[in-house]
Amino acid sequence: VQLQASGGGLVQAGGSLRLSCAASGRTFSRYVMAWFRQAPGKEREFVAWISGSGGATRYADSVKGRFTISRDNADNTVYLQMNSLKPDDTAVYYCAANTRLVVQTSEYNYWGQGTLVTVSS
């Protein structure tokens, strides 16, 4: 599966952004979709995943209550709605696909190219 992330940009603290990740292929609903992020000088970290049906989600503690992951299987797209953004959320955000409900970066087989989110204070 090929992934294409978009929607990043510059936003002030407290603002919102919605990231999108478009996937190719006919078996999109079979994949767990996730968002990761990598801040400058830091390792890539898990942000959220959503099950193939969309019925289950999981979030990193740092974004819980502020970010929402969702998917549209008819459109082969996964979203990350980010509200109440903080400067610490500044990072390159990546979408990823896997067949298991895991949070480890190394377990994800397919990655998008990343989209930069910058939150100014």
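Below, the structure is looked at part by part. Bear in mind that the values here come from a model prediction, so they are computed numbers and not experimental data.

Cut-offs and rules
- Counting of residues starts from 1 at the beginning of each chain's written sequence and follows it residue by residue.
- The predicted origin of the model limits local features to residues at a pLDDT of at least 70 and limits the giving and counting of side-chain atom pairs to 80 or more, whereas totals for whole chains, interfaces and linings rest on all residues.
- Values shown for side chains rest on all heavy atoms present in the structure; no hydrogens or waters enter the calculation.
- The criterion is simple. A nonpolar core is a set of buried Ala, Val, Leu, Ile, Met, Phe, Trp, Tyr and Cys residues joined through side-chain atoms within 4.5 Å.
- Only protein chains enter the accessibility calculation, which uses a 1.4 Å probe. A residue is then buried if its area is under 20% of the maximum for its type, exposed if over 50%, and partly exposed in between.
- In DSSP terms, a helix is any run of H or I states spanning at least four residues, a strand is any run of E spanning at least two, and both are numbered starting from the N terminus.
- Any pair of residues with heavy atoms lying within 4.5 Å of one another is described as a contacting pair.
- Our working definition of a disulfide is a cysteine sulfur pair at a distance within 2.5 Å.
- When DSSP finds two or more bridges between two strands, those strands count as paired.
- The angle between two axes is taken between their N-to-C directions and runs from 0 to 180 degrees, where each axis is a line fitted to C-alpha atoms and a helix contributes only its stretch in contact.
- Pairing of aromatic rings covers Phe, Tyr and Trp, the last counted by its six-membered ring, and requires centre-to-centre distances within 6.5 Å; plane angles under 30 degrees mean stacked, over 60 mean edge-to-face, and any other angle means tilted.

## What about the nonpolar core?
- Residues Met-33, Trp-35, Leu-80, Met-82 and Tyr-93 are the most contacted members of the largest nonpolar core, which totals 38 residues.
- The set of elements that each furnish at least two residues to this core consists of strand S1 (3-6), strand S3 (17-23), strand S4 (32-38), strand S5 (45-50), strand S7 (67-72), strand S8 (77-82), strand S9 (91-98) and strand S11 (115-120).
- Residues in contact with Leu-80, not counting those within four places in the same chain, are Leu-17, Arg-18, Leu-19, Trp-35, Val-47, Phe-67, Thr-68, Ile-69 and Tyr-93.

## A short note on the state of the cysteines
- Going through the model one piece at a time under the given rule, you end up with one disulfide.
- Cys-21 shares a disulfide with Cys-95; S-S distance 2.1 Å. Given an S-S torsion of about 60°, the disulfide between Cys-21 and Cys-95 has right-handed geometry. Of the two residues, Cys-21 is situated in strand S3 and Cys-95 in strand S9; the sequence distance between them amounts to 74 residues.
- On the basis of relative accessible area, Cys-21 is assigned to the buried category, the value being 0%.
- By relative accessible area, Cys-95 is classed as buried at 0%.

## Digging into unusual backbone geometry
- With phi around 55°, Asn-76 is a residue other than glycine that occupies positive phi space.
- As for its placement among the helices and strands, Asn-76 is situated in the loop between S7 and S8.
- Residue classification places Asn-76 among the buried residues on the basis of a relative accessible area of 16%.
- Even without being a glycine, Ser-84 presents a positive backbone phi close to 50°.
- Mapped onto the secondary structure, Ser-84 falls in the loop between S8 and S9.
- In this structure Ser-84 comes out as partly exposed when scored by relative accessible area, which is 41%.

## What about the sheet that holds S8?
- Pairing is antiparallel in the open sheet, where four strands are placed in the order S1-S3-S8-S7. Two strands bound the open sheet, and with one partner strand each, they are S1 and S7. In this sheet, adjacent strand axes meet at a mean angle of 15° when their direction is disregarded.

## Side note on the packing of aromatic side chains
- Summed over the entire model, instances satisfying the criterion amount to six aromatic pairs.
- Look at Phe-36 and Phe-46: their rings are 5.8 Å apart centre to centre, the planes differ by 75°, and that puts the pair in the edge-to-face class. Here Phe-46 lies in strand S5 and Phe-36 lies in strand S4, a separation of 10 residues in the sequence. Both residues of the pair, Phe-36 and Phe-46, count as buried.
- A ring pair is formed by Phe-36 and Trp-111, whose centres lie 5.0 Å apart and whose planes are at 55°; its orientation type is tilted. Taken together, the positions of Phe-36 in strand S4 and Trp-111 in strand S10 (residues 110-111) put the pair 75 residues apart, joining distant regions of the chain.

On their own, these measurements won't tell you what the molecule is for.
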